[in-house]
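# Breakdown of the fold
So you can see what is in the structure, the chains are spelled out below.
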Amino acid sequence: MYQDFQKHLQATLQQIKDDGLYKNERVIITPQSSAIQVKGENGPVDVINFCANNYLGLADNKELIEAAKKRMDERGYGMASVRFICGTQDTHKMLEKAISDFFGTEDTILYAACFDANGGLFEPLFTAEDAIISDALNHASIIDGVRLCKAVRYRYANGDMEDLEKQLQAAQAQRFRIIATDGVFSMDGNVCPLDAMVMVDESHSAGVVGKTCHGVTEQYNLRGKIEVLTGTLGKAFGGSVGGFTTGKKEIIDLLRQRSRPYLFSNSIPPMVAAAALKTFELLTRDNKLQDTLHDNTNYFVEKMTAAGFDIKPTQSAICAVMLYDARLSQEFAAALQEEGIYVTGFYYPVVPQGQARIRVQLSAAHTREQLDKGIAAFVKVGKRLGVLK
Ligand SMILES: *Cc1c(COP(=O)(O)O)cnc(C)c1O
């Protein structure tokens, strides 16, 4: 039986390669940071990293590492426990409280990942009587979460308020209606417009957007006003693992009773919860990391625009350098790596057909010198490949 299936899989894989869409993983052999080493054919290669979600540069932060080590010594390695069966540790409860305080929300529930938070959000709350109105560019995990729910689905063009209005009218007959959107669209870096009752996925916006990096609710002056926010501990907030849903207390309470990725999955390790807790303490201590991230982003975007690159408008720490062609984006990324600049080319199906790009992610960990090196390499490769005149 497997022989036929194997042939089928091999043909599919070959097709992906022929289309120039095959993804290879690179191997990092240092801690995650703005300067890292990757495995090369002839040994380690030093590169400046522009493709991590390490927005605040906390992935190798000494205080977080200390907090994690200490809690591992005190509380052991893993939980081996689903919370409703075997209970939870105080660290997890403290982290949930810290997240609620950070966002000005009523309660918070932790998940193993934001993928699970989104996957387990809609099905327990909404039925076939209800409507979910979803942005066309939403993250895969929101799309999957919506699919698992029986509510009627409506889709509006990315950030298009007229289309949203139309879809809201179309959904008028439904009992409850919720708009679901990313806070920052991870491939473009644009911020969603907010003017109705919504669910916002803050994965790329919390820890990045707003003067003190409290996310889109800070940006739009809507602190505590949004019904549901989801987010990750795997990006700005330390870069480890874990996700959360935070918002109205009845919503969170019902999720604790009925959300399947919460009820049927393990708790995050105590050391991860302790380090995440330290992250929220750091972010309320002062605004240094936040200011550095914003300064770095503004500097990079200004210089790249002045150099003549086609940059998507951004309000986040994501800078999409548009190349449009999938193969060119791969060639460009490979050439940049030769120059010691670590980036990724994105192309279909991660972005729409004909919208290939290099996504640069800025971090508070970048130095001015690293940014300048990155920009110089972009210009050099851009001229060689005919992207810049
Ligand atoms: C990264 C991301 C997720 C997934 O987060 P994990 O915690 O890594 O599962 C979900 N939604 C959005 C918008 C993301 O960017």
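Coordinates for the structure precede this section.
In every chain, residue numbers begin from 1 and rise along the written sequence. This being a predicted model, a pLDDT of at least 70 is required before a residue's local features are given, and a value of 80 or more before pairs of side-chain atoms are given or counted; all residues contribute to the totals for chains, interfaces and linings. With hydrogens and water stripped out, all remaining heavy atoms of the structure feed into the side-chain values.

### With respect to the overall build of the protein chain
In this text, helices come from DSSP runs of H or I with a minimum length of four residues, and strands from runs of E with a minimum of two, each type numbered from the N-terminal end. The helix and strand tally for the protein chain stands at 14 helices and 13 strands. Taken over C-alpha atoms, the radius of gyration comes to 22 Å for the protein chain, in line with the 21 Å a tight globule of 389 residues would show. Over its C-alpha atoms, taken along the principal directions, the protein chain stretches across nearly 55 × 55 × 55 Å. Residue burial is assigned from relative accessible area. The probe radius is 1.4 Å, only protein chains are included, and a residue is buried under 20% of its type maximum, exposed over 50%, and partly exposed in between. The buried share among the 389 residues of the protein chain stands at 51%. Contact between two residues is taken to exist if any of their heavy atoms lie within 4.5 Å; hydrogens are not considered. Restricting to contacts in the protein chain with at least 6 residues of sequence separation, those with at least 24 account for 67%. Accessibility throughout is a Shrake-Rupley quantity obtained with a 1.4 Å probe, and a residue counts as covered only by protein chains that appear here. Accessible surface computed for the protein chain: about 18,700 Å², of which carbon and sulfur atoms make up 52%. Separation between the mean location of the 43 positive side-chain charges and that of the 47 negative ones in the protein chain comes to 2 Å. Put simply, the radius of gyration uses C-alpha atoms, and a globule should come to 2.2 Å times the residue count raised to 0.38. The charge count treats Lys and Arg as positive and Asp and Glu as negative. His and the chain ends do not count. A single reference atom marks each charge: NZ on Lys, CZ on Arg, CG on Asp, CD on Glu.

### Re the sheet that holds strand 13 (residues 356-361)
Pairing between strands requires that DSSP locate at least two bridges from one strand to the other. Strand order in this open sheet of three strands is 10-13-12, and the pairing throughout is antiparallel. Each edge of the open sheet carries a strand with a single partner, namely strand 10 (318-324) and strand 12 (344-346). The sheet shows a mean angle of 30° between the axes of neighbouring strands, direction not considered. Here strand 12 pairs with strand 13 via three bridges, running antiparallel. All axes are obtained by fitting lines to C-alpha atoms, using only the stretch in contact for helices, and the reported angles, taken between N-to-C directions, cover 0 to 180 degrees.

### Points about the sheet that holds strand 2 (residues 43-49)
The sheet built from three strands is open, its strands ordered 1-2-11 with mixed pairing. Edge positions in the sheet fall to strand 1 (35-40) and strand 11 (341-342), since each has one partner strand and no second. Bridge count for strand 2 against strand 11 is two bridges, and the pairing is parallel. Directly across from Ile48, in strand 11, lies its bridge partner Ile341.

### Observations concerning a nonpolar patch on the surface
In this analysis, a patch consists of residues with relative accessible area above 30% that form no salt bridge, clustered at 9 Å for like charges and at 5 Å for the nonpolar side chains Val, Leu, Ile, Met, Phe, Trp and Tyr. Here a salt bridge means any side-chain nitrogen of Lys or Arg lying within 4 Å of a carboxyl oxygen belonging to Asp or Glu. Together, Tyr2, Phe5 and Leu9 give the surface a local cluster of nonpolar side chains, amounting to about 310 Å² of exposed area. Along the chain, the position of Phe5 falls in helix 1 (residues 2-18). Of the residues examined, Phe5 reaches a relative accessible area of 45% and is grouped as partly exposed.

### Focus: the pattern of salt bridges
This structure, assessed with the given rule, holds 18 salt bridges. A salt bridge links Lys249 to Glu250; the shortest N-O distance between them is 3.5 Å. Across the pair Glu339 and Lys380 runs a salt bridge, and its minimum N-O distance is 3.1 Å. With Glu339 in the loop between helix 13 (326-338) and strand 11 and Lys380 in helix 14 (residues 368-384), this pair connects stretches of sequence that are 41 residues apart. Among the residues examined, Glu339 registers a relative accessible area of 32% and is labelled partly exposed. When salt bridges that share partners are traced, they join Arg83, Lys93, Glu96, Asp107 and Arg256 into one network.

### Let's talk about the site of the ligand
Close to the ligand lie 13 residues, the nearest being Cys114, Asp201, His204, Thr232 and Lys235. In protein, a polar contact requires one atom able to donate a hydrogen and another able to accept it; more generally it is a pair of N or O atoms within 3.5 Å, and residues adjacent in sequence count only if both atoms are side-chain atoms. In this structure, Cys114 approaches the ligand through a main-chain N or O atom, which is 2.8 Å from an oxygen atom. With respect to the ligand, the backbone of Phe115 contributes an N or O atom lying 3.0 Å from an oxygen atom. For the ligand, the protein covers 83% of the area, taking 380 Å² as the surface of the free molecule. When residues of the shell around the ligand are assigned to their parent elements, the largest contribution, three residues, is made by helix 5 (residues 114-119). Under this grouping Gly is polar, as are all residues other than the nonpolar Ala, Val, Leu, Ile, Met, Phe, Trp, Tyr, Cys and Pro and the charged Asp, Glu, Lys and Arg. Its residues assigned to classes, the shell around the ligand comprises three nonpolar, seven polar and three charged. Being near a molecule or strand, for a residue, comes down to having at least one heavy atom within 4 Å of it.

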